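Observations on the model geometry
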Amino acid sequence: MVRQFLSKGTDLSTVMPQKLACIDAMLNYRPRKSLDFRTPREAYMEIVEAELLKRAQRQTQCVADQRLTPSWSDNCLQGLFGLMPCSALQPQVPAAG
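In this numbering scheme, every chain counts its residues from 1 along its sequence in written order. Totals for whole chains, interfaces and linings use all residues, but because this is a predicted model, local features are given only for residues with pLDDT of at least 70 and pairs of side-chain atoms are given and counted only at 80 or more. Calculation of side-chain values draws on the structure's entire complement of heavy atoms; hydrogens and water are dropped beforehand.

1. Remarks on the overall build of the chain
Comment: elements are numbered from the N terminus, with helices defined as DSSP H or I runs of at least four residues and strands as E runs of at least two. Each helix and strand in the chain was counted, giving four helices and zero strands. Along its sequence from the N terminus, the chain presents helices and strands in the succession α-α-α-α. Counting all 97 residues of the chain, 13% fall into the buried class. Throughout, a residue-residue contact means that at least one pair of heavy atoms, one from each residue, lies within 4.5 Å. At a minimum sequence separation of 6, the contacts of the chain that also span at least 24 residues come to 14%. Of the roughly 8000 Å² of accessible surface on the chain, 60% is carried by carbon and sulfur atoms. For every residue, the accessible area obtained with a 1.4 Å probe (protein chains only) is divided by the maximum for its type, and the residue is called buried under 20%, exposed over 50%, and partly exposed between those limits. Residue exposure ignores everything except the shown protein chains as possible cover, and the areas themselves are Shrake-Rupley values with a 1.4 Å probe.

2. What about a nonpolar patch on the surface?
On the surface, Val2, Leu12 and Leu20 cluster together into a nonpolar patch covering about 200 Å² of accessible area. Given a relative accessible area of 34%, Val2 falls into the partly exposed group. What goes into a patch is any residue over 30% in relative accessible area without a salt bridge, connected to like charges within 9 Å or, for nonpolar side chains (Val, Leu, Ile, Met, Phe, Trp, Tyr), within 5 Å. Throughout this description, the term salt bridge denotes a Lys or Arg side-chain nitrogen within 4 Å of a carboxyl oxygen of Asp or Glu.

3. A few points about the pattern of salt bridges
Taken as a whole, this structure holds two salt bridges when the rule is applied. We note a salt bridge from Arg55 to Glu51, for which the minimum N-O separation is 3.3 Å. Remark: Glu51 and Arg55 occur in helix α2 (residues 40-64); sequence separation between them is four residues, near one turn of the helix. Of the residues examined, Arg55 reaches a relative accessible area of 38% and is grouped as partly exposed. Residue classification places Glu51 among the partly exposed positions, given a relative accessible area of 30%.

4. Comments concerning the side chain of Thr39
Checked against the element boundaries, Thr39 lands in the loop between α1 (17-28) and α2. According to the relative accessible area criterion, Thr39 is buried, its value standing at 9%. In this view, Thr39 contacts Asn28, Tyr29, Arg30 and Pro31; residues no more than four positions away in its chain are not counted.

5. Regarding unusual backbone geometry
Non-glycine residue Asp36 carries a positive phi angle of around 55°. Its location among the elements puts Asp36 in the loop between α1 and α2. Look at Asp36 and you get exposed, because its relative accessible area is 62%. With a phi angle near 65°, Phe37 is a residue other than glycine that sits in the positive phi range.

6. Quick look at the confidence of the model for the chain
Here pLDDT means the predictor's own confidence in every residue, given as a number from 0 to 100. Overall, the predicted model of the chain reaches an average pLDDT of 75, with 62% of residues at or above 70. Within the chain, the lowest mean pLDDT, 44, falls on helix α4 (residues 86-89), and the highest, 89, falls on α1. Here residues 83-92 scores under 50 on pLDDT; set against residues more than four positions off or in separate chains, the count is eight contacts.

Next comes the structure, spelled out in structure tokens:
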């Protein structure tokens, strides 16, 4: 679609950044039939907002379900951010016996 604004063979490294930003804005704010006449930016923002809402709901659920496991905060961190639980970072002490 960039070819509507720049001829084929144009070296993009020679095009001013302001012109590229203008082309970008024109393309991303143009409604598309394939997106039910939403702009690509609107469709993208809907996806991002839905993902943020899912993450917030998971976090709320995890905090509300503290009784599930002793390490509920570790489970939240691992589920939300893919982080290793703190308990996995602590040295394991062998059981006495």
